[in-house]
Amino acid sequence: MAKHIRKIVQVCWGALSNAYVKGFIPGNKALYSGPLKRFCVPGMNCYSCPGALGACPIGALQAVLTERNRRFPFYVLGYLAAIGLFVGRFICGWLCIFGLIQELLYKIPTPKIKVPEKPDRVLRYLKYVVLLVLVIGLPLLYRNEFGVGYPFFCKYLCPVGTLEGGLPLLLLKENLRASVGGLFYWKLSLLVVCIASSIFIYRPFCKYLCPLGAFYALFQRVSLVRMKFEAHKCIDCGACSRVCGMNVDPTKNPNSMECIRCGECVKACPKKAIAFTSSLNNTE
């Protein structure tokens, strides 16, 4: 049980945040729109999923930025900053259902691909470009003739929305199928690429494209919950770096912006040289 505690937490959180069972009944016409939908969940979870009880933080951020009056998104940014300051990318490793789906796909027994270090390092910056350009920049600056912006990331890129929202809605609501066009097929192709690549590369969306992970990463080094490495206990066995799917070496950079704080390195270390800690009483 202890070995699989993180997977159990991921599954339970995914079920809890998508617990509107009525939404999955064929013929039900409306998504859940109760008071919980006013609040964001901490991880990627599509607002349009038939079972979704909360809002996706990236979707909520874009919804505010695209409004005609250009209000500042105090609630969403404050909410995300608070989570980042508290736990950093811990959410990515423990409470993101799409991250879990990628991990499970990676467990399919096939030869795995390790992206060479140099292109991998460059590709990791893409998620910050996605955050700055598709999530914030274009929705804020580009306006149609009515003065309203477009949620570029949600509309043109997000595979989470396609998997959790688009596909289930098409399966459950026959009347929507006639409206399917080129945009849906474009996003479906992106989802297929993401799913296929997840079989060979560990959490590729999280590594290279996820804007929420990029936002949380900005707080990784100053968050309250963090990782601690005690060099005097280390025997240089390399177990921690070998087990890390995000290709982080905890002995060199335990609070790397790429670390999702899954705790696999903690479990792998034979000398307990790596541990979760708090910035209140510890330093790197």
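Right, let's walk through the structure included here. The model shown is predicted, which means the values in this text are computed figures rather than measured ones.

### Here we look at the pattern of salt bridges
- With the rule as written, the count across this model stands at twelve salt bridges.
- With a closest N to O distance of 2.5 Å, arginine 203 and glutamate 103 form a salt bridge. With a gap of 100 residues between them, arginine 203 in the loop between helix 10 (182-200) and helix 11 (204-208) and glutamate 103 in helix 5 (residues 97-106) connect regions that are remote in the sequence. Across the pair, exposure class does not vary: arginine 203 and glutamate 103 are buried alike.
- Measuring nitrogen to oxygen at the nearest pair gives 3.0 Å for the salt bridge that ties glutamate 258 to arginine 124. Placement of the pair is glutamate 258 in the loop between helix 13 (239-243) and helix 14 (264-268) and arginine 124 in the loop between helix 6 (117-123) and helix 7 (126-141), with a sequence separation of 134 residues.
- For glutamate 258, a relative accessible area of 13% corresponds to the buried category.
- On the basis of relative accessible area, arginine 124 is assigned to the buried category, the value being 6%.
- Connected via shared salt-bridge partners are Arg6, Lys7, Glu103, Arg203, Glu264 and Lys267.

### Comments concerning helix 10
- The first and last C-alpha atoms of helix 10 sit 28 Å apart over 19 residues, in line with the 27 Å expected at 1.5 Å per residue.
- Three or more residues of helix 10 are buried, namely Phe184, Lys187, Leu191, Cys194, Ser197, Ser198 and Ile199.

### A closer look at the nonpolar core
- Counting residues in hydrophobic clusters, the biggest one holds 42 residues, and the most contacted among them are Met44, Ile58, Phe153, Phe205, Leu212 and Tyr216.
- Secondary structure elements with two or more residues in this core: helix 2 (57-65), helix 3 (74-87), helix 4 (90-94), helix 7 and helix 12 (211-217).
- In contact with phenylalanine 205, not counting residues within four places along its chain, are Met44, Phe98, Gln102, Phe153, Pro159, Val160, Cys194, Cys210 and Pro211.
- Counting nine residues, the second-largest nonpolar core is a separate cluster that includes Met227, Cys259, Cys265 and Val266.

### Concerning the side chain of serine 223
- Inspection of the secondary structure puts serine 223 in the loop between helix 12 and strand 1 (225-229).
- From its side chain, serine 223 meets the backbone oxygen of valine 225 in a polar contact 2.7 Å long.
- Residue contacts for serine 223: discarding those within four places in its chain leaves Gly84, Leu85, Phe86, Val87, Gly88, Arg261 and Ser279.

### Comments concerning the packing of helix 1 (residues 5-17) against helix 5
- The contact between helix 1 and helix 5 brings their axes to 9 Å, and the two run at 130°. With respect to helix 5, the element helix 1 is oriented oblique. When you trace helix 1 past helix 5, the crossing you get is left-handed. Across from Arg6, Lys7, Gln10, Val11 and Gly14 in helix 1, the residues of helix 5 making contact are Ile97, Leu100, Glu103 and Leu104.
- For the contact of helix 1 with helix 5, the class distribution of residues is four nonpolar, two polar and three charged.

### Details of the pairing of strand 1
- Most of strand 1 sits out of view: four of its five residues are buried.
- In the sheet, strand 1 pairs with strand 2 (residues 274-278) via five bridges, with the strands oriented antiparallel. Residue methionine 227 lies in a different strand from strand 2, and its bridge partner there is phenylalanine 276.

Procedures and definitions
Residues numbered from 1 in each chain as written. Predicted model: local features only at pLDDT ≥ 70, side-chain atom pairs only at ≥ 80, totals over all residues. Heavy atoms only, no water. Salt bridge = Lys/Arg side-chain N within 4 Å of Asp/Glu carboxyl O. Helix = DSSP H or I, 4+ residues; strand = E, 2+ residues; numbered from the N terminus. Buried < 20%, exposed > 50% of the residue type's maximum accessible area, 1.4 Å probe, protein only. Expected span 1.5 Å × (residues − 1). Core = buried A, V, L, I, M, F, W, Y, C linked by side-chain atoms within 4.5 Å. Contact = heavy atoms within 4.5 Å. Polar contact = N/O pair within 3.5 Å; in protein donor to acceptor, adjacent residues only side chain to side chain. Axes fitted to C-alpha atoms, helices over the stretch in contact; angles between N-to-C directions. Parallel < 35°, antiparallel > 145°, perpendicular 65-115°, else oblique. Left-handed = near helix turned anticlockwise from the far one by under 90°. Nonpolar A, V, L, I, M, F, W, Y, C, P; charged D, E, K, R; others polar. Pairing = 2+ DSSP bridges.

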